[in-house]
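Structure at a glance
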Amino acid sequence: MSFLAMSLVLFFVLPALLLVFVCRAIHLLFFHPLSSIPGPWYAAVSSLWITSHVLRLEQCKTIHALFQTYGPVVRIAPNKVVFCDLGAMKSVYSTWKFDKSDYYKSLLTNDNDHAMTTLPHAQHSIRRKAYASHYTPSNLAKLQPEIGEATGKMIDTLHGLPAHTSLDTLPLFRHLSLDIIVASSYGFQLGAINKWALEAEDHLTMAIGDFPKRGILRSTVPTWAWNLVCKIPNARLKLLCDSDKIMAEFVSTRVYEMRAKLNADKLAPVVAPTIVAPTPSHFLSAFPTFSRSSSRASSPAPSCSSDDSSFSDDTEKSYLLPRLLNYRYPSGETMPETHVISECMGHMVAGTDTTSISLSYFLWELTRRQDILRKLRDEIDAVMPDPGAIPDIKILNGMEYLNAFIKEGLRIYSAAPSLLERVVPVSTSKNFACADGFDLMGYALPPGTIIATQAWSMHRDPAVFQSPETFLPERWLPAYAAGSKEEDAADAESEAARLARMASHMMPFGTGSRICGGVNLAQNIMRIVLVAVLRNFEVEAAPGTDEKSMDMRDSFVMFPAAMECKLIFHPRVPAA
Ligand code: HEM
C-alpha cells in the first residue's frame, strides 16, 4: 500500500468508521425504542456478545444469569429482548401467536419448509392440521405394538452384550427413537437398533445426528465456502454435507412405495408393519401380551388416572405418511410431494435427538439417586411382573411416581431448553392491533423486535419451584408440600394451586400454538423405554461419566459437554 493510501485509511476512513460506530452505539443505548430495557450495555450495541456465548454452547446459562442480575426482561442484542414471566409467555405464544423468527430457517430440510420452519402463524396452522391427528393419544395407543417391538429389540440387544460393557446411550437411544419414528410414520421396521448392535454404520441415523450441525454451518458459512468444504475428499465430511440428501432419499422412497400401495388400493387404511429383521428372543416372545391387543395386557391393573375417553376410538390405526398424502389444503389441493417429504424429514429430526438426550439424562440421574430408583422400581415391578411384557400405555399413564419422575426430568433436563424466538408483528397485522407496538411488562416493543423466553429459566424460577436445582420428583406429588417442612407455603397456596402453578411454567415441549407436534409420542416413548429398561437392568455410570462430562451445553437442543453418556447395563438378578 502506498504511503498516501495508508494515510487516507489512517486519517479518514478509520476515524469515519469509528464515528459511525460511536453514533450507532449512542443511538442504540439512549435513543432506540428498546433503550429503556435493562441489560448489559455491550449487548445493546452489538450482537457479537451474545453470539460469542452461542458459539461457546452456553446461551441458556448466560441468559439465565442475566435474568438473575437484571430481572425478568433483558435486552440481549440490539433488536432482541428475552423475558422470564408466565403472563408474557402466554401472551406471546398463546394469545397473540407471534410468527417465528428467521432463526428457524436454519432447520429447513432439503431447503424446504416443514411445520417447525413455517414462520407465519397462519400458514403454519394449515400445515399443522395435516399431521396433528396422527399424534393424538388415541392413534398413538394403536401404535404401541410398533413402539414395543422396537423397544423389545433394544432390550434384547442389551441382554446380549458382554458383562460390564460400557456404552454410549446417545447413539443407542437415537437408533431406537429413529426405529420408533419410522415405524409410526411409515409402518416400516427400519431395524436401526440392529445396525447399532452390529456396530454397522447406519447412514440415515448419522444423517439425522449431523443435520442440526449442517444447518448451523450452512447458515453461518457463505455458500461458496460451504460448497468448497463439501468438495474435500473425506468420507465423514461428505456424509455431513449430504445429510439432507440421505434423509430425503430415504423418505422419498417411502413416499413412492406408499403412493404405489395407495394407488393399488392395497393399503386402505391399515398397513401391517414389515419386519425387516427377525428378533428371536424371550423378550419379544412375551410381547403379544402387550403388542397384539391392549385388552389382553396381563399385568395387574393399578389405579389408572388417565382419561380413558381419549383412548376409546374405534377408527383404524393409520401412519403419518398416508395421512399426509391424503391431506388436502383449504384450496382443495393435495399436499405437494416436496411438502410431504420435508414434513416427514422434519419429524425425524425433531423427534430423534430430543428423545435420546432426555432418556440418557434420566438414566444418568438415576445412577446417582438410589432413593428415586427404589421408588420407581417398586412401582414398575408391581405393574410389570414379566420383564418381557410392557403394560398398556393406559397403565403407564396412571403410574404416579413414574410420571412425577418424567416431569422432573423434563424440568431439569429439558432437551430443547433454548430461546423460542418470535417477532413482534406490525400493528396492522390481522391478529394483532396495537398501535405502539407490543406491551411487554410495561415496555413498548416496536414491530420487528425479536422476543423470546427459554424453558431453562422458566423451569428454574425459585418463586415457583423450591430449590430449583434439586432433582425432586416428589414436588409433583400432591402429598409433597403437606408432609414437608413447607407447611406455611402449603397453607397459603392449596396443593392443587401449587401443582397447577408449576405445570403452567413448564415448557419442555414449547408452548402455545407451536408446541411440539410429537409431544404425546415423546411421552409414550419415555414411559415405555424407562419401564422396560428399569425392569430389566441395573444401570451404572461408566468411569468418566460424571457431573463434568454431563454438564449441559446447548445449541437449540441440549447435550452433555463430553458429547456422550456412557452407562453400563447389568441384567437384574431375578428376585429369589
Ligand atoms: C423429549 C422429546 C422432545 C422434546 C423435548 C421436544 C421439544 C420440542 C420443542 C421445544 C419444539 C419447538 C417449539 C417451538 O419452536 O416453539 C418442538 C417442535 C416440534 N416437535 Fe418436538 N420434542 C420432542 C420429541 C418430538 C417427537 C418424538 C416428535 C415427532 C416424531 C416431535 C415433533 C415435533 C414437531 C413436528 C415440531 C414442530 C411443531 C410445529 O411447529 O407444528 N418432537 N419439539
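Looking up the protein in an unreviewed UniProt entry gives the name Cytochrome P450, with the organism given as Mycena albidolilacea. In the Cofactor (unreviewed entry) part of its UniProt record, the protein is described as follows: "heme". The record held by UniProt for the protein lists under Subcellular location (unreviewed entry) the comment "Membrane".

Along the protein, the regular secondary structure elements total 26 helices and eleven strands. Put simply, the protein has 576 residues, and 53% of those count as buried. Contacts in the protein between residues at least 24 apart in sequence constitute 77% of all its contacts with a sequence separation of at least 6. In the form shown here, the protein has an accessible surface area of approximately 25,700 Å², with 60% of it arising from carbon and sulfur atoms.

Within the protein, a single donor atom binds the iron atom of the ligand, namely Cys516 (SG) at 2.3 Å. Structurally, Cys516 can be placed in the loop between helix H25 (495–505) and helix H26 (519–536).

Turning to helix H21 (residues 400–412), a few remarks are in order. Each α-helix winds once per 3.6 residues, and so residues spaced three or four apart point in a common direction. Along its 13 residues, H21 runs 19 Å from first to last C-alpha, staying within 8% of the 18 Å computed at 1.5 Å per residue. Burial analysis of H21 places eleven of its 13 residues in the buried class, which makes it a mostly covered element. Those residues of H21 that sit buried are Tyr401, Leu402, Asn403, Ala404, Phe405, Ile406, Glu408, Gly409, Leu410, Arg411 and Ile412. Residues of H21 that are buried make contact with helix H18 (337–367), helix H19 (370–383), helix H20 (393–397), H26 and strand E9 (552–555).

Near the ligand you find 29 residues, and of these Tyr104, His124, Tyr131, Arg422 and Cys516 are the closest. His124 is positioned with one of its side-chain polar atoms (N or O) 2.6 Å from an oxygen atom of the ligand. A distance of 3.0 Å separates an oxygen atom of the ligand from a polar atom in the side chain of Arg128. Within the residue set of the shell around the ligand, elements represented by two or more residues are helix H6 (121–132), H18 and H26. Broken down by element, the residue count for the shell around the ligand peaks at six residues, all from H18. Class assignment of the residues belonging to the shell around the ligand gives a composition of 16 nonpolar, nine polar and four charged.

What follows is about the packing of aromatic side chains. Any pair of aromatic rings gets described here by the distance separating the centres and the angle formed by the planes. Following the criterion strictly, the structure yields 17 aromatic pairs and no others. Put simply, the rings of Tyr361, Phe362, Trp364, Phe405, Tyr413 and Phe471 touch in pairs and so form one group of aromatic residues. One residue, Arg254, lies across the ring of Phe250, its end atom 4.6 Å from the ring centre.

Moving on to the pattern of salt bridges. Oppositely charged side chains can form a pair if their charged atoms are brought close together. Going through the model one piece at a time under the given rule, you end up with 27 salt bridges. Its salt-bridge partner being Glu58, residue Arg56 comes within 3.7 Å of it at the nearest N-O pair. Take Arg56: its relative accessible area is 48%, and that puts it in the partly exposed class. With a relative accessible area of 27%, Glu58 lands in the partly exposed category. Glu337 is the partner of Arg259 in a salt bridge, and the nearest nitrogen-oxygen pair spans 2.8 Å. Of this pair, Arg259 sits in helix H14 (residues 243–263) while Glu337 sits in helix H18, and the two are 78 residues apart along the sequence. Relative accessible area serves as the criterion here: at 27%, Arg259 is assigned to the partly exposed category. Within the structure, one salt-bridge network assembled from shared partners comprises Glu365, Arg368, Arg369, Asp371 and Glu547.

Time to look at the sheet that holds strand E3 (residues 166–168). Strand order in the open sheet formed by three strands is E3-E11-E8, and the pairing between neighbours is antiparallel. Both outer strands of the open sheet, E3 and strand E8 (537–541), are each paired with one neighbouring strand and no more. Direction aside, the axes of adjacent strands within the sheet are offset by 40° on average. Note that E3 and strand E11 (residues 566–571) share three bridges and pair antiparallel. Counted as the bridge partner of Asp168 is Lys566 from E11. Across the sheet, helix H8 (residues 144–159) touches E3, E8 and E11, and the angle it forms with E8 is around 70°.

Rules and cut-offs
Residues numbered from 1 in each chain as written. Predicted model: local features only at pLDDT ≥ 70, side-chain atom pairs only at ≥ 80, totals over all residues. Heavy atoms only, no water. UniProt positions renumbered as here; feature names shortened; annotations may be inferred. Helix = DSSP H or I, 4+ residues; strand = E, 2+ residues; numbered from the N terminus. Buried < 20%, exposed > 50% of the residue type's maximum accessible area, 1.4 Å probe, protein only. Contact = heavy atoms within 4.5 Å. Areas by Shrake-Rupley, 256 points an atom, 1.4 Å probe, with all protein chains shown as cover. Donors = N, O, S within 2.8 Å, 3.2 Å for Na, K, Ca; no water. Expected span 1.5 Å × (residues − 1). Near = heavy atom within 4 Å. Polar contact = N/O pair within 3.5 Å; in protein donor to acceptor, adjacent residues only side chain to side chain. Nonpolar A, V, L, I, M, F, W, Y, C, P; charged D, E, K, R; others polar. Phe/Tyr/Trp six-rings, centres within 6.5 Å; stacked < 30°, edge-to-face > 60°. Lys NZ or Arg CZ within 6 Å of the ring centre and 35° of its normal. Salt bridge = Lys/Arg side-chain N within 4 Å of Asp/Glu carboxyl O. Pairing = 2+ DSSP bridges. Axes fitted to C-alpha atoms, helices over the stretch in contact; angles between N-to-C directions.

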